[in-house]
Amino acid sequence: MPRLPSLNTQILIGCALGVACGWALQQGVADPAVAASTMYGARIVGNLFLDLLRMVLVPLVFASIVTGVANLRAHESMHRVWVATLTFFFATMAIAIVIGFGAAHLFRPGEGLHLDMFADATRDYQARQMPLPDYIAQFLRGLFQNPFKALAQGEILAIVVIAIFLGIALVAGGERYRNIRTLIEELQELCLRIVGWIMHLAPFGLAALLLQLVAGQNPGLLASLGHFIVVVTGTTLFHGIVVLPAILWIMTGVSPLRFFKGAREALLTAFVTSSSAATLPVTLRCTEQHLHVKKDIANFVVPLGATVNMDGTALYEAAAALFVARLAGIELDLASQFVIFFVAMLGAIGAPGIPSVGMLSMVLVLESVGLPTAAIAILLPIDRILDTTRTAVNVEGDMVGALIVQKIAGKGTGA
Ligand code: ASP
């Protein structure tokens, strides 16, 4: 029997085919009936792949964090890991926001365009407004919930919180709870085994999702907002290809090549699905099995990062706020840019890892400095395309974080 190419090669071939077919459909090359049935098939296969990933997501996140926290404490490196993780998350998001601002000032996307040129798009738009205090209150209330409700409804942030409590309680309880700990550890291993099976569908699933993404683009809008799209995508890629790998290399000595080789399955899945949460099973698999981060560190840093650490989203919100200000003909002063800095960080932290959710916190960012929220109507149609790179960079940040935290924690324990 002829040997199949490696999974990575299959995934790359699938992605190339997805883009090519999507482009052909977008150009109207195919007969309408064929196009309709191709889109139908792509929707079914794409959704199936996403649903399979979501199927393991909740038990995997829960079991990963419980075992991660329980084992961290066992190594007496808990404190160091907490501090290193949160410092890394905040520092890299701050760098991303500064880069977003820098690019918006340097390349000035939006210059020559005016909000009234998009009157049709913005006329009927009603922003789902939520003042900042309400947003913070809602975020805090979402943290502590009935665990059964959170698990049943897939509320990842609440699941992370309850899993951290349970992990700590298991350690505090000591040997008495060894069986529960082993049980949850084995549940996590089983979930990762299932992810390995699901990944065999990835070439088809990713092809189907890419086909829909490319076929659904509106070339007219892409052309008029092309400069903004290029600036945001280029800057996000700069953060992902230069800044994060440089930090990783300086802190751990891991070369960018080695990193990207180990991380590519997760990066591609994030790019295509635009969801850090849906990608989480793949991210964990890459971090543990390809990048060789110890289970207890990966199990703690990666799921937490998937909900809290979003460099791509933070960068986007900063750049897009300045873009909208330029469209509206407003020059933002330094104080307003400070406000945007903090609100963009908060928005990125509070955003769950699902497609286009950055748009919700974008409303918050605009409101915080009095920019017209109706401008979201212009950003929304191009968001699907911008969400690809920003989600990939969000996920990359979690894997880089796990490697760096492992290095820092290792120093303390002699590991
Ligand atoms: N789609 C992004 C993610 O899942 C969040 C966003 O919309 O910025 O990481």
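As shown above, the structure is provided for reference.
From a predicted model like this one, the values you see are computed outputs, not experimental measurements. (Residues numbered from 1 in each chain as written. Predicted model: local features only at pLDDT ≥ 70, side-chain atom pairs only at ≥ 80, totals over all residues. Heavy atoms only, no water.)

1. Some remarks on the overall build of the chain
Then comes step 1: The secondary structure content of the chain amounts to 18 helices and zero strands.
Then comes step 2: A compact globule built from 415 residues should have a C-alpha radius of gyration of about 22 Å, and the chain, at 22 Å, falls within 12% of that.
Then comes step 3: A principal-axis box enclosing the C-alpha atoms of the chain has dimensions of 65 × 60 × 45 Å.
Then comes step 4: Put simply, the chain has 415 residues, and 53% of those count as buried.
Then comes step 5: A separation threshold of at least 6 residues defines the contact pool for the chain, and within that pool the share at least 24 residues apart is 85%.
Then comes step 6: If you sum the accessible surface of the chain, you get close to 18500 Å²; carbon and sulfur atoms cover 67% of it.
Then comes step 7: Across the chain, the centroid of the 25 positively charged side chains sits 10 Å from that of the 25 negatively charged ones. (Helix = DSSP H or I, 4+ residues; strand = E, 2+ residues; numbered from the N terminus. Rg over C-alpha atoms; globule rule 2.2 N^0.38 Å. Buried < 20%, exposed > 50% of the residue type's maximum accessible area, 1.4 Å probe, protein only. Contact = heavy atoms within 4.5 Å. Areas by Shrake-Rupley, 256 points an atom, 1.4 Å probe, with all protein chains shown as cover. Lys, Arg positive; Asp, Glu negative; His and termini not counted. Charge placed at Lys NZ, Arg CZ, Asp CG, Glu CD.)

2. Focus on a nonpolar patch on the surface
Then comes step 1: Residues Tyr-40, Ile-44, Val-45 and Phe-204 make up a contiguous nonpolar surface patch of roughly 410 Å² in combined accessible area.
Then comes step 2: Relative to the helices and strands, Val-45 resides in helix α2 (residues 32-74). (Patch = residues over 30% accessible without salt bridge, like charges linked within 9 Å, V, L, I, M, F, W, Y side chains within 5 Å. Salt bridge = Lys/Arg side-chain N within 4 Å of Asp/Glu carboxyl O.)

3. Here we look at the nonpolar core
Then comes step 1: In terms of nonpolar packing, the biggest core is built from 127 residues, with Phe-228, Phe-259, Tyr-316, Met-362, Leu-379 and Met-399 touching the most fellow members.
Then comes step 2: Those residues in contact with Met-362 that lie beyond four places of it in its chain are Tyr-316, Glu-317, Ala-320, Ala-321, Ile-376 and Leu-379.
Then comes step 3: Ranked by size, the runner-up nonpolar core spans six residues in total, among them Leu-25, Ala-35, Leu-211 and Ala-215. (Core = buried A, V, L, I, M, F, W, Y, C linked by side-chain atoms within 4.5 Å.)

4. Quick look at the site of the ligand
Then comes step 1: In the vicinity of the ligand lie 15 residues, with Ser-276, Thr-313, Gly-358, Asp-387 and Arg-390 positioned nearest.
Then comes step 2: The contact in question runs from an oxygen atom of the ligand to an N or O atom on the side chain of Asn-394, over 2.9 Å.
Then comes step 3: Relative to its free-state accessible area of 270 Å², the ligand is covered by the protein chains to the extent of 100%.
Then comes step 4: With four residues, the single largest contributor to the shell around the ligand is helix α18 (residues 376-413).
Then comes step 5: A breakdown of the residues in the shell around the ligand according to their chemical character gives four nonpolar, nine polar and two charged. (Near = heavy atom within 4 Å. Polar contact = N/O pair within 3.5 Å; in protein donor to acceptor, adjacent residues only side chain to side chain. Nonpolar A, V, L, I, M, F, W, Y, C, P; charged D, E, K, R; others polar.)

5. Section: unusual backbone geometry
Then comes step 1: Although it is not a glycine, His-292 adopts a positive phi angle of roughly 60°.
Then comes step 2: A relative accessible area of 56% places His-292 in the exposed class.
Then comes step 3: Not every positive phi belongs to a glycine, and Ser-356 is a case in point at roughly 60°.
Then comes step 4: Topologically, Ser-356 is positioned in the loop between α16 (334-350) and α17 (358-368).
Then comes step 5: We classify Ser-356 as partly exposed; its relative accessible area is 23%.

6. Concerning the side chain of Thr-269
Then comes step 1: Of note, Thr-269 is situated in helix α12 (residues 256-273).
Then comes step 2: Dropping the residues within four chain positions of it, Thr-269 is found in contact with Phe-49, Leu-53, Met-199, Leu-206, Ser-274, Thr-279 and Val-282.

7. Some details on the packing of aromatic side chains
Then comes step 1: Tallied over the entire structure, the rule returns six aromatic pairs.
Then comes step 2: Ring geometry for Phe-228 versus Tyr-316: centroids 6.5 Å apart, planes at 55°, classification tilted. Here Tyr-316 lies in helix α15 (residues 311-327) and Phe-228 lies in helix α11 (residues 226-252), a separation of 88 residues in the sequence. Exposure class is identical for Phe-228 and Tyr-316. Each is buried.
Then comes step 3: An angle of 70° between the planes, with centres 5.3 Å apart, marks the rings of Phe-259 and Phe-260 as edge-to-face.
Then comes step 4: Residue classification places Phe-260 among the partly exposed positions, given a relative accessible area of 25%.
Then comes step 5: An aromatic cluster is defined as three or more aromatic residues linked by ring pairs; in this entry it consists of Phe-228, Tyr-316 and Phe-323.
Then comes step 6: If you follow Arg-390 out to its NZ or CZ, it ends over the ring of Tyr-316, 4.6 Å from the centre. (Phe/Tyr/Trp six-rings, centres within 6.5 Å; stacked < 30°, edge-to-face > 60°. Lys NZ or Arg CZ within 6 Å of the ring centre and 35° of its normal.)

8. A closer look at the packing of helix α7 (residues 156-173) against helix α14 (residues 295-308)
Then comes step 1: With their axes 10 Å apart at the nearest point, α7 and α14 run at an angle of 145° to one another. α14 is crossed by α7, and the crossing has left-handed handedness. Here α7 contributes Ile-156, Leu-157 and Val-160 to the contact with α14, which in turn contributes Pro-303, Leu-304, Thr-307 and Val-308.
Then comes step 2: Taken together, the residues of the contact of α7 with α14 break down into six nonpolar, one polar and no charged. (Axes fitted to C-alpha atoms, helices over the stretch in contact; angles between N-to-C directions. Left-handed = near helix turned anticlockwise from the far one by under 90°.)

9. Brief notes about the environment of Gly-401
Then comes step 1: Within the secondary structure, Gly-401 is located in helix α18.
Then comes step 2: Considered as a pair, Gly-401 and Asn-299 are 102 residues apart in the sequence and their alpha carbons are 12 Å apart.
Then comes step 3: Beyond its immediate chain neighbours, meaning those up to four positions away, Gly-401 contacts Phe-88 and Val-301.

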